[in-house]
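Letter by letter, the chains look like this.
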Amino acid sequence: GAVVSQHPSRVICKSGTSVKIECRSLDFQATTMFWYRQFPKQSLMLMATSNEGSKATYEQGVEKDKFLINHASLTLSTLTVTSAHPEDSSFYICSAASGQGNEKLFFGSGTQLSVL
Amino acid sequence: AQKVTQAQTEISVVEKEDVTLDCVYETRDTTYYLFWYKQPPSGELVFLIRRNSFDEQNEISGRYSWNFQKSTSSFNFTITASQVVDSAVYFCALSAYPYNQGGKLIFGQGTELSVKP
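Residues numbered from 1 in each chain as written. Chains lettered and ligands numbered in written order. Predicted model: local features only at pLDDT ≥ 70, side-chain atom pairs only at ≥ 80, totals over all residues. Heavy atoms only, no water.

Chemist: Any chance you could explain the sheet that holds strand 7 (residues 67-73) of chain A here in plain terms?
Modeler: Consider a sheet: its strands pair through backbone hydrogen bonds, and that pairing is either parallel or antiparallel. Residues and elements named next belong to chain A. One open sheet holds the four strands; their spatial order is 1-3-8-7, and the pairing between them is antiparallel. At either end of the open sheet lies a strand with only one pairing partner, and these are strand 1 (4-7) and strand 7. Taking each pair of neighbouring strands and ignoring which way they run, the sheet shows an average axis angle of 15°. (Pairing = 2+ DSSP bridges. Helix = DSSP H or I, 4+ residues; strand = E, 2+ residues; numbered from the N terminus. Axes fitted to C-alpha atoms, helices over the stretch in contact; angles between N-to-C directions.)

Chemist: I would appreciate a short explanation of the environment of K16 of chain B in the present structure.
Modeler: All names here are of chain B. With respect to the secondary-structure elements, K16 resides in the loop between strand 2 (10-14) and strand 3 (19-21). What makes K16 exposed here is its relative accessible area of 68%. For the pair K16 and F68, spaced 52 residues apart in sequence, the C-alpha separation works out to 24 Å. Beyond its immediate stretch of four places on either side in the chain, K16 contacts A81 and S82. (Buried < 20%, exposed > 50% of the residue type's maximum accessible area, 1.4 Å probe, protein only. Contact = heavy atoms within 4.5 Å.)

Chemist: Where do I start with the pattern of salt bridges in this structure?
Modeler: Residue and element names in this part refer to chain A. Evaluation of the coordinates by the stated rule reveals six salt bridges over all chains. The salt bridge involving R24 is made with E22; its shortest N-O contact spans 3.5 Å. Residue E22 is classed as partly exposed on the basis of its relative accessible area of 27%. Among the salt bridges present, the one from D88 reaches K66, with a minimum N-O distance of 2.7 Å. Of this pair, D88 sits in the loop between strand 8 (76-81) and strand 9 (90-98) while K66 is found in the loop between strand 6 (57-58) and strand 7, placing the two residues 22 residues apart along the sequence. In this pair, the class of D88 matches that of K66, namely buried. (Salt bridge = Lys/Arg side-chain N within 4 Å of Asp/Glu carboxyl O.)

No statement about biological role is implied by the geometric values presented.
Here it is in structure tokens:
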């Protein structure tokens, strides 16, 4: 079964609204989670690294105020797209790294965001 | 800087053919991890393999095999006797050590494999 749960799988919203995407590790504690973005027929681009209890580290070119990341617990990280615009429409996917020296990475099933 | 190049954007084969997906990487790290993921049309990423930089043994898993060549910085993926269900986008990825940075993957551009009946 899935070890990383990501919700919602699909969301359609109006321009100007905010959308929250959740990423949960189901049976392990994830000290670090990662958020990726994928445009149609393109590769996955890392947006930010989310560390439990501290501020996220954003990749160059990613707007911190636009994409708010919160990692309040060892099993949950959230990505909020604030004041979404059509150009934010994309596939967002999270991944989580187990904190027990296990280098296996687990990906969520992704969220397709469509901003009208 | 780290970089992953998958030169083949699209590959189309007929069922039962063998197909090799190329992956070339660049890194200055002496220790790193290489991955292959499969992304079917549904979108989720399916983990296929992780290889440590210090383990150059090739691996076979059923119809899948991987050829890791450090000398040429390549980590190619071969599907033997391809099937229609193999149709998907395949990503090669690279991450640095240690593990808590291991989730920071640098992905290649992906290769879209189409297997026709």
